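Overview (structure and organization)
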Amino acid sequence: MLGLCVYTGPMQSVRVRDRRRMNWHMSAHAAAGLLLLACAPVLLAAKTTDPGKLIELVNDYRNSPRRCDGAQADARSPLAPSPKLGRAVRSDPGDLQEALRREGYAARRVGMMSVTGPATAESALMALEKHYCSTLTAQNFADIAVTHTDRTWRIVLAQPLLQDDLADWREAGHSVLRLVNAARAQSRTCGKHRFAPAPPLRWNDKLAAAALAHSGDMATRNYFAHTDKEGTTPAERVSRHHYQWRRTGENIAAGQGSSEQVVSAWLASPHHCANIMEPRFRDMGAAYVVNVQSDQTIYWTQEFGTRR
């Protein structure tokens, strides 16, 4: 049994380059257009009935360009797990808008899908992909919640209204750094890959300037991609800001209204999470730019690096 309701109404992927090899490192997903740093992880068994696993799978699905309902769907931003959305769907899935109002979640767009029958997160994603590919790859969502009761999976996607009290981009970037270092301080599983605790990253003004420039370009010209409209890659962008790198990487996102939300989205996406946990990175800069005339309103860039 399948069900979908959309009441009305971000994007991200991962690329990393190693100067010593001068080529993009490709994972098993390279055929789908995904590029990431090889990190020699340990493979783990998945908790296939865990709702959190389905969130990871959805983010992984959104991270790779693909054909969807006969059209090309570009890579999309990861979705941040939202406790408020989860409480709302558990309390009253029949009147989700009222449940969200009680939770104090101001949404611009909300969509809910449900599948009954799949026993695992993997089979639930297969059912969702078959029937709701366009919803899974919609660009105007930033949050996600998943509940699993018996054999029914409910998935809620939402785009929250942007709050008025956003911190200055530099303050928000330092907040991202604190949250990332807190994540790196603990061992962590990113998808099927297990990472040991990693050393803390240091703020770097050159990487922050590169992040601000790319966020501003995406916001101003209303696109979402690592490569800009002139074909400039993340590595070239970092070099243009005079960061002499031996290794560099980038996470991007759109739609998240706080440092906490964007880091939560990156950590819930296996490949972005792997970038955050990469032990060979030493420096980081991050920034957002808002343009209310753009599709996603707010765009985030996180630059990683290790200097020569």
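Shown above is the structure to which this text applies.
What you are looking at is a predicted structure, and each value in this text was computed from that prediction instead of being measured. (Residues numbered from 1 in each chain as written. Predicted model: local features only at pLDDT ≥ 70, side-chain atom pairs only at ≥ 80, totals over all residues. Heavy atoms only, no water.)

Take the overall build of the protein chain next. Broken down by element type, the protein chain carries 9 helices and 16 strands. Considering the protein chain as a whole, with its 308 residues, one finds that 54% of them fall into the buried category. Total accessible area on the protein chain is roughly 13200 Å²; 50% of this is exposed by carbon and sulfur atoms. (Helix = DSSP H or I, 4+ residues; strand = E, 2+ residues; numbered from the N terminus. Buried < 20%, exposed > 50% of the residue type's maximum accessible area, 1.4 Å probe, protein only. Areas by Shrake-Rupley, 256 points an atom, 1.4 Å probe, with all protein chains shown as cover.)

Working note: regular strand, side chains alternate between the two faces of the sheet. The buried fraction of strand β9 (residues 143-149) is high, at 5 of 7 residues. Pairing geometry for strand β7 (residues 80-81) and β9, over 2 bridges, is parallel. Paired with Pro 81 across the strands is Ile 144, a residue of β9. Two strands pair when backbone bridges link them, and β9 and strand β10 (residues 152-160) are joined in this way by 7 bridges, in the antiparallel orientation. In the strand pairing of β10, Ala 145 is matched with Val 156. Hairpin remark: β9 followed by β10, antiparallel, with 2 residues in the connecting loop; positive phi at Asp 150, about 55 degrees. (Pairing = 2+ DSSP bridges.)

So, about the packing of aromatic side chains. Following the criterion strictly, the structure yields 2 aromatic pairs and no others. On the numbers, 5.1 Å between centres and 15 degrees between planes, the contact of Phe 281 with Phe 304 is stacked. Taken together, the residues span a long stretch of sequence, with Phe 281 in the loop between α9 (270-277) and β15 (283-290) and Phe 304 in strand β16 (residues 298-307) at a distance of 23 residues. Ring geometry for Tyr 288 and Trp 300: centres 5.1 Å apart, planes at 50 degrees, overall tilted. One end of the pair, Tyr 288, is in strand β15; the other, Trp 300, is in strand β16, and 12 residues separate them in sequence. By relative accessible area, Tyr 288 is classed as buried at 10%. For Trp 300, a relative accessible area of 1% gives the class buried. Looking at Arg 66, its charged tip hangs above the ring of Tyr 61, at a distance of 3.7 Å from the centre. (Phe/Tyr/Trp six-rings, centres within 6.5 Å; stacked < 30°, edge-to-face > 60°. Lys NZ or Arg CZ within 6 Å of the ring centre and 35° of its normal.)

Our next topic: unusual backbone geometry. If you check the backbone angles, Asp 150 has positive phi at about 55 degrees while not being a glycine. Within the element layout of this structure, Asp 150 appears in the loop between β9 and β10.

Tallying each qualifying case throughout the model produces 12 salt bridges. Measuring nitrogen to oxygen at the nearest pair gives 2.9 Å for the salt bridge that ties Arg 87 to Glu 103. Within this pair, whereas Arg 87 is found in helix α2 (residues 83-91), its partner Glu 103 is found in helix α3 (residues 96-103), the two being separated by 16 residues in sequence. Three or more residues are tied together by salt bridges with common partners; here these are Glu 98, Arg 101 and Arg 102. (Salt bridge = Lys/Arg side-chain N within 4 Å of Asp/Glu carboxyl O.)

Our next topic: the packing of helix α5 (residues 169-184) against helix α8 (residues 259-267). Their axes nearest at 9 Å, the elements α5 and α8 cross at an angle of 40 degrees. It follows that α5 is oblique to α8 by the angle criterion. Where α5 crosses over α8, the two elements pack in a sense that is right-handed. Contacts from Ala 172, Ser 175, Val 176, Leu 179, Val 180 and Ala 183 in α5 reach Ser 259, Glu 260, Val 262, Val 263, Trp 266 and Leu 267 in α8. (Axes fitted to C-alpha atoms, helices over the stretch in contact; angles between N-to-C directions. Parallel < 35°, antiparallel > 145°, perpendicular 65-115°, else oblique. Left-handed = near helix turned anticlockwise from the far one by under 90°. Contact = heavy atoms within 4.5 Å.)

Below, the discussion takes up the nonpolar core. Note on soluble globular proteins: their nonpolar side chains tend to be buried together. Core analysis: the largest hydrophobic core is formed by 27 residues, its most contacted members being Val 176, Val 180, Leu 201, Val 262, Trp 266, Met 284 and Trp 300. Among the elements of the structure, α5, α6 (205-221), α8, α9, β15 and β16 are those that each provide at least two residues to this core. For this core, the leading source of residues is α5, giving 5 residues. Beyond its immediate sequence surroundings of up to four residues, Val 262 is in contact with Val 176, Ala 253, Gln 256 and Trp 300. (Core = buried A, V, L, I, M, F, W, Y, C linked by side-chain atoms within 4.5 Å.)

What follows concerns the state of the cysteines. Under the counting rule described, the total for this entry stands at 2 disulfides. There is a disulfide in this structure between Cys 190 and Cys 273, and the S-S distance comes to 2.0 Å. For the disulfide bridge between Cys 190 and Cys 273, the dihedral angle about the S-S bond is near -55 degrees, and by the sign convention the bridge is left-handed. Residue Cys 190 is located in strand β11 (residues 188-190), and its partner Cys 273 is located in helix α9; the two are separated by 83 residues in the primary sequence. (Disulfide = S-S within 2.5 Å.)

A separate point is the pairing of strand β8 (residues 107-116). Counting buried residues in β8 gives 7 out of 10 residues, a clear majority hidden from the surface. Where β8 meets β10, 9 bridges bridge the pair, whose relative direction is antiparallel. For Arg 109, the partnering residue across the bridge sits in β10 and is Gln 159.

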